[in-house]
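Structural characterization, general
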Amino acid sequence: MLDNIKLAADAATLSPIALFLQADWIVKGVMIGLLLASIYVWAVIFTHGRSVGKLMGASERFERDFWRAGNLDKFYDENGREELPSAKILAAGISEWRRSTAGKNVDRDGTRERLGIAMNAAIAGEVDRLAEKIGTLATIGSVAPFVGLFGTVWGIMRSFTAIAASNNSSLAVVAPGIAEALFATAIGLFAAIPAVIAYNAFSQRLNRLESRLGRFADGLHATFSRELEVEA
């Protein structure tokens with residue numbers, strides 16, 4: 001009976017909350033920082049994941065409606081101000097088209113080149129804007145394990161200090177410090193693993209979106225190029 005009570009007390013002492021409370025201020029700071037990083041990671045996963053999914057679906061509908069429209073200028077005037085990546089590509093193309101064809105003498109080769117540059121710049125801007133938050137995920141995924149490792153090293157150092165102070169190397173003396181150390185490592189991995197997985201998933205989605213926008217820009221470029229040949 002007494003052994004069971006002792007085991008229960010030891011288990012309570014090694015619980016996550018007890019390990020946090022027993023840790024010194026440096027290890028506590030490491031744990032708190034990693035927990036905040038983990039909360040940020042999950043917030044980005046839910047918010048950014050939903051927003052990118054909505055943008056991709058809305059851009060797909062925008063492009064489908066655009067190719068079905070009979071009048072390009074009319075469609076742009078009615079829908080070109082939407083906050084969608086495809087709408088930004090269309091706006092960049094239309095804006096450059098109107099500037100390049102405003103005069104009497106139109107440089108057709110120059111117009112084609114400027115159209116391509118303007119739309120490619122718009123694609124890069126949209127991708128960079130969407131990739132801002134996932135860059136933080138990459139940083140957390142690469143740094144968090146080392147921060148946790150710092151907590152681990154510090155906890156082990158405290159364990160050796162406890163051994164030296166008590167002249168006792170029994171497990172009861174070193175277990176709390178080692179448990180704190182391993183707990184810090186676990187929190188670091190808890191923050192890093194979702195961050196790396198989410199970063200890879202978001203990167204793939206952004207690559208697909210960039211490819212889609214590139215195809216849309218190529219289609220626009222071909223449309224403008226045919227219009228130049230008609231005017232010639």
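Residues numbered from 1 in each chain as written. Predicted model: local features only at pLDDT ≥ 70, side-chain atom pairs only at ≥ 80, totals over all residues. Heavy atoms only, no water.

**A closer look at the overall build of the protein chain**
This is how the line gets drawn: Each helix is a run of H or I in the DSSP string that is no shorter than four residues. Each strand is a run of E no shorter than two, and both are numbered from the N terminus. In what follows, a contact means two residues having at least one pair of non-hydrogen atoms within 4.5 Å. Surface accessibility in these figures is a Shrake-Rupley result with a 1.4 Å probe; residues are shielded only by whichever protein chains are displayed.
The helix and strand inventory of the protein chain stands at 7 helices and 0 strands. In the protein chain, the succession of helices and strands from N to C terminus is α-α-α-α-α-α-α. Residue pairs at least 24 apart in sequence account for 78% of intrachain contacts in the protein chain once pairs closer than 6 positions are excluded. Total accessible area computed for the protein chain in this model is approximately 13300 Å², and 62% of it derives from carbon and sulfur atoms.

**Focus: the pattern of salt bridges**
Operational definition: Here, a salt bridge means any Lys or Arg side-chain nitrogen found within 4 Å of an Asp or Glu carboxyl oxygen. Each residue gets one of three labels from its accessible area relative to the maximum for its type: buried under 20%, exposed over 50%, partly exposed in between, using a 1.4 Å probe on protein chains only.
A complete count under the given rule lists 8 salt bridges for this structure. Glu63 is the partner of Arg212 in a salt bridge, and the nearest nitrogen-oxygen pair spans 3.4 Å. With Arg212 in helix α7 (residues 171-231) and Glu63 in helix α3 (residues 25-68), this residue pair connects regions lying 149 residues apart in the sequence. Residue classification places Arg212 among the partly exposed positions, given a relative accessible area of 26%. Residue Glu63 is classed as buried on the basis of its relative accessible area, which comes to 7%. Look at the salt bridges and you will find they share partners, linking Glu83, Lys88, Glu126 and Arg129 into a network.

**Some remarks on the layout of surface pockets**
Rules: Cavities and pockets are found on a 1 Å grid laid over the protein atoms alone: a cavity is a set of points where a 1.4 Å probe fits but cannot escape, a pocket is an open set with protein on both sides within 12 Å along at least five of seven lines, and a lining residue has an atom within 4 Å of such a point. Grid points are joined across faces, edges and corners, and a volume is the space filled by probe spheres set on the points. In this classification, Asp, Glu, Lys and Arg are treated as charged, Ala, Val, Leu, Ile, Met, Phe, Trp, Tyr, Cys and Pro as nonpolar, and every other residue, Gly included, as polar.
A volume near 170 Å³ is recorded for the largest pocket. Forming the boundary of the largest pocket are Leu72, Asp73, Ile94, Trp97, Thr223, Phe224, Arg226 and Glu227. Of all the secondary-structure elements, those providing two or more residues to the lining of the largest pocket are α4 (72-79), α5 (85-100) and α7. By residue number, the principal contributor to the lining of the largest pocket is α7, which donates 4 residues. Residue composition of the lining of the largest pocket, by class: 4 nonpolar, 1 polar and 3 charged.

**As for a nonpolar patch on the surface**
Put simply, the rule is: Only residues whose relative accessible area exceeds 30% and that form no salt bridge enter a patch; like-charged residues are grouped when within 9 Å of one another, and nonpolar side chains (Val, Leu, Ile, Met, Phe, Trp, Tyr) when within 5 Å.
On the surface, Phe146, Leu149, Val153 and Met157 cluster together into a nonpolar patch covering about 400 Å² of accessible area. Structurally, Val153 can be placed in helix α6 (residues 108-166).

**Regarding α5**
Defined as follows: Here the expected length of a helix is defined as 1.5 Å per residue gap, with one fewer gap than residues.
Here α5 spans 23 Å end to end across 16 residues, near enough to the 22 Å set by a 1.5 Å rise per residue. Here α5 has its buried residues at Pro85, Ser86, Ala87, Ile89, Leu90, Ala91, Ala92, Gly93, Ile94, Glu96, Trp97 and Ser100.

**Overview of the confidence of the model for the protein chain**
The cut-off we apply is this: Residue-level confidence of the predictor, termed pLDDT, takes values from 0 up to 100.
For the protein chain, per-residue confidence averages 80 on the pLDDT scale, and residues scoring 70 or more make up 83% of the total. When pLDDT is averaged over each element of the protein chain, α5 comes out on top at 88 and helix α1 (residues 2-13) at the bottom at 42. Of the regions scoring below 50 in pLDDT, residues 1-12 engages in 1 contact with residues more than four places distant in sequence or in other chains.

**Focus on the side chain of Glu96**
Looking at the element boundaries, Glu96 is found in helix α5. Setting aside residues no more than four positions away along its own chain, Glu96 makes contact with Arg114, Leu115 and Ala118.

**Some points on the packing of aromatic side chains**
The geometry of an aromatic ring pair is captured by two quantities: the separation of the ring centres and the angle between the planes. Keep this limit in mind: Aromatic contacts are taken between Phe, Tyr and Trp rings whose centres are within 6.5 Å, Trp giving its six-membered ring; a plane angle under 30 degrees counts as stacked, one over 60 as edge-to-face, and the others as tilted.
Counting across every chain of the model gives 7 aromatic pairs. Ring pairs connect the aromatic residues Phe62, Phe66, Trp67, Phe75 and Phe216, which therefore count as one cluster.

**So, the packing of α4 against α5**
Which entries qualify depends on this criterion: Fitting a line to C-alpha atoms yields each axis, with helices limited to the stretch in contact; the angle taken between N-to-C directions then spans 0 to 180 degrees. Here roughly perpendicular refers to angles of 65 to 115 degrees, roughly parallel to angles under 35, roughly antiparallel to angles over 145, and oblique to all remaining angles. Crossing handedness is defined as follows: a turn of the near helix away from the far one that is anticlockwise and smaller than a right angle gives a left-handed crossing, while the clockwise case is right-handed.
Orientation of α4 relative to α5, taken along the N-to-C sense of each, is 125°, at an axis distance of 11 Å. By the criterion of interaxial angle, the relationship of α4 to α5 is oblique. The handedness of the crossing between α4 and α5 is left-handed. Residues Leu72, Asp73, Phe75, Tyr76, Asp77 and Asn79 of α4 touch α5, and the partners they reach there are Ala87, Leu90, Ala91, Ile94 and Arg98. Grouping the constituent residues of the contact of α4 with α5 by class yields 7 nonpolar, 1 polar and 3 charged.

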